[in-house]
Amino acid sequence: MLKKFKNWVAGKKADSKFKEYGPGHSLVATQPLPQAAAQAERAHAAAALPPPPSSTAQPAKSAASVAAAEAALARLTSKTAKPVARPASRPAGTQLSPPPSLPAESAQPAQPASRQEHMRVSAAVRLVCPICEVVIPATTGKDHLVECLQAQMEEDPITASAGLVYTMCTDPAALATCVETLMTYLRNIHSAPDEPKFRRIRQGNPNFQARVVPVLGAVEMLHAVGYEPLTEGGETFLVLSGPGADVMPRVEAAMEILGMATPIVPDLYHDPVVYELGTSQTIPHVSVPDDFYQLSAAEARQLQSSARATADELHTLRTQAMRDAQAARRQRHYAYGFIRVRLANRYLLQGTFRASHTVNDVIQFVTDCLAQPAPAFQLQPMTGALPAPDSTLADGGLLPATVLNLSAAGPVQLRPDLLAAAVKLA
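In this report, the structure presented in the accompanying data block is examined. (Residues numbered from 1 in each chain as written. Predicted model: local features only at pLDDT ≥ 70, side-chain atom pairs only at ≥ 80, totals over all residues. Heavy atoms only, no water.)

### Some remarks on the pairing of strand β5 (residues 235–240)
Look at any regular strand and the pattern is simple: side chains alternate between the two faces of the sheet. Our working rule: Two strands are counted as paired when DSSP detects at least two bridges linking them. Helix and strand assignments follow DSSP, with helices taken as H or I runs no shorter than four residues and strands as E runs no shorter than two, numbered in order from the N terminus.
Pairing analysis gives three bridges linking strand β3 (residues 200–202) to β5, with the strands arranged antiparallel. Within the sheet, the bridge partner assigned to Arg 200 lies in β5 and is Val 239. Pairing of strand β4 (residues 227–232) with β5 involves six bridges; the strand directions are antiparallel. Across the sheet, the residue bridging to Glu 232 is Glu 235, located in β5. Connecting β4 to the antiparallel partner β5 that follows it, the hairpin turn spans two residues, and Gly 233 within it adopts a positive phi of roughly 60°.

Listed below in structure tokens is the structure:
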């Protein structure tokens, strides 16, 4: 596990250098990125981000309309989503077991076996841990990352601590304050390694308690550098011991890691599932799990604001471009979606994707699921044309679920392990 974690850190360092120097430059070069190339890099990054929602001036609302909107928002935010049953991870090539029965008080009407199996395999979102490469449920993703990072504390405490700081602190302002405070401690030691006042941190200091202690991994970072607790006169301090020459390598390593670290984000597990259709069977309806479109409080407020804007639009003359833009803003937003690819041999390949995934990601997923060497193929939706390869699934209108037809010049076969686990739909 440690080797995989270090490989992940090495990859982050390479990404950091690539962003600094840009394409076409050696990663070991010392010259800064030219200004023109830097501007192009920033423009490219900005183009990859979704456009911010446009804001238009709204007329003044009456007290009654504001009260009604707030009441509706309270109803939306007070609802809690019912927990969704998560399927257990299954090794590739194993047969699927029937879903567990529901308790008597929540029992549902009996359904055909094929329908039960279809509902079971499509009722979860799972992730791949980038540290240990284990498939985990999305609901336990952060807890798993904490366990993985804490397991690395003994062998690489500086990197593991930085990973905890950046991954577990979800408040950007608190994260920036914590990192800047840690960097101040480290810069002071780096500039004057033998200065006694820089070697002691009073743990009862209000700034230390407010800026460092609440962030998981921050105190561990100081311990990794060499600060150790010491109680004097009823107060507890963190004291850095050892000569400056011994401390400097750890301080410099901590400054480098804190300066380039980013949150560890688990990759989405596409969860490939193969359905085998009967000779005269149509493609079944896709059941989208609840967690594909659960709303946060911010999203609920945005929907309520959109509803108020829609009411105002009914009394406003608009051009066709204005109507199209407003329709795009009213489109429902999904976090995840299903893409199903129908092959000529009555097999249906299903994968789970984020809304930010691109058409290229879908093509790569299909390629990985085919027996190699795979022939060149094309994907075509049931109606219309496939969006551009770099289009996201959300922008291409492929969410929450889409069926694509696969066509190829030669025979196409799925991987044997996927075929062995195929779900037969009678």
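Following the structure, the description resumes.
### Notes on the sheet that holds strand β12 (residues 423–425)
In plain terms, the rule: Orientation is described by axes fitted as lines to C-alpha atoms, over the contacting stretch for helices, and by angles from 0 to 180 degrees between their N-to-C directions. Between two residues, a contact is recorded if the distance between any of their heavy atoms is within 4.5 Å.
Pairing is mixed in the open sheet, where six strands are placed in the order β10-β11-β8-β9-β7-β12. At either end of the open sheet lies a strand with only one pairing partner, and these are β10 (377–381) and β12. For this sheet, the mean inter-axis angle between neighbouring strands, taken without regard to orientation, is 30°. The sheet contact formed by strand β8 (residues 336–342) and strand β11 (residues 401–408) spans five bridges and is parallel. By the bridge assignment for β11, Arg 340 is matched with Val 403. Packing against the sheet, helix α13 (residues 359–369) makes contact with β8, β9 (347–354), β10 and β11, and its axis sits at approximately 135° to β9.

### Some details on the sheet that holds strand β6 (residues 267–269)
Reading across the sheet, the three strands line up as β2-β1-β6 and stay open at both edges, with antiparallel pairing between neighbours. Looking along the sheet, the strands with just one partner apiece sit at the ends: β2 (135–137) and β6. Adjacent strand axes in the sheet meet at a mean angle of 45°, parallel and antiparallel pairs treated alike. Pairing of strand β1 (residues 126–128) with β6, which is carried by three bridges, proceeds in the antiparallel orientation. Looking across to β6, one finds that Arg 126 is bridged to Tyr 269.

### Here's the deal with unusual backbone geometry
Phi is mostly negative for residues that are not glycine, and the peptide bonds are mostly trans. Gln 372 connects to Pro 373 through a cis peptide bond whose omega is 0°. When you line up the elements, Pro 373 lands in the loop between α13 and β10. Cis geometry is adopted by the peptide bond preceding Pro 400, which originates at Leu 399 and carries an omega value of 5°. You can see Pro 400 is positioned in the loop between β10 and β11. With a phi close to 60°, Glu 133 is a non-glycine residue in the positive phi region. Topologically, Glu 133 is positioned in the loop between β1 and β2. Even without being glycine, Asp 271 reaches a positive phi, approximately 50°.

### Some details on the packing of helix α5 (residues 141–151) against helix α6 (residues 157–168)
Let me state the cut-off plainly: Just so you know how the angles are binned, under 35 degrees is roughly parallel, over 145 roughly antiparallel, 65 to 115 roughly perpendicular, and the rest oblique. Should the near helix be turned counterclockwise from the far one by less than a right angle, the crossing is left-handed, whereas a clockwise turn marks it as right-handed.
Put simply, α5 and α6 touch, their axes get as near as 9 Å, and they point 165° apart. Classified by the angle their axes make, α5 and α6 are roughly antiparallel. Here α5 and α6 pass one another in a crossing that is left-handed. Contact with α5, carried on its side by Lys 142, Leu 145, Val 146, Leu 149 and Gln 150, involves Ala 160, Gly 163, Leu 164, Thr 167 and Met 168 of α6 and no other residues of that element.

### Brief notes about the packing of aromatic side chains
By convention here, two paired aromatic rings are described through the distance between centres and the angle between planes. Defined as follows: Note on aromatic contacts: the rings of Phe and Tyr and the six-membered ring of Trp form a pair at centre separations within 6.5 Å, being stacked when their planes are under 30 degrees apart, edge-to-face when over 60 apart, and tilted otherwise. Classification of residues uses two cut-offs on accessible area relative to the type maximum, computed with a 1.4 Å probe and protein chains only: under 20% is buried, over 50% is exposed, and between them is partly exposed. Here, a charge over a ring is recorded when the distance from Lys NZ or Arg CZ to the ring centre is within 6 Å and its angle to the ring normal is within 35 degrees.
If you walk through the whole model with that rule in mind, you get one aromatic pair. Here the aromatic rings of Phe 353 and Phe 365 are separated by 5.3 Å at their centres, their planes lie at 90°, and the arrangement is edge-to-face. Placement of Phe 353 in strand β9 and of Phe 365 in helix α13 is noted, with a sequence separation of 12 residues between them. Accessibility assignment for this pair places Phe 353 and Phe 365 in one class, buried. The ring centre of Phe 237 lies 4.3 Å from the NZ or CZ of Arg 200, which sits over that ring.

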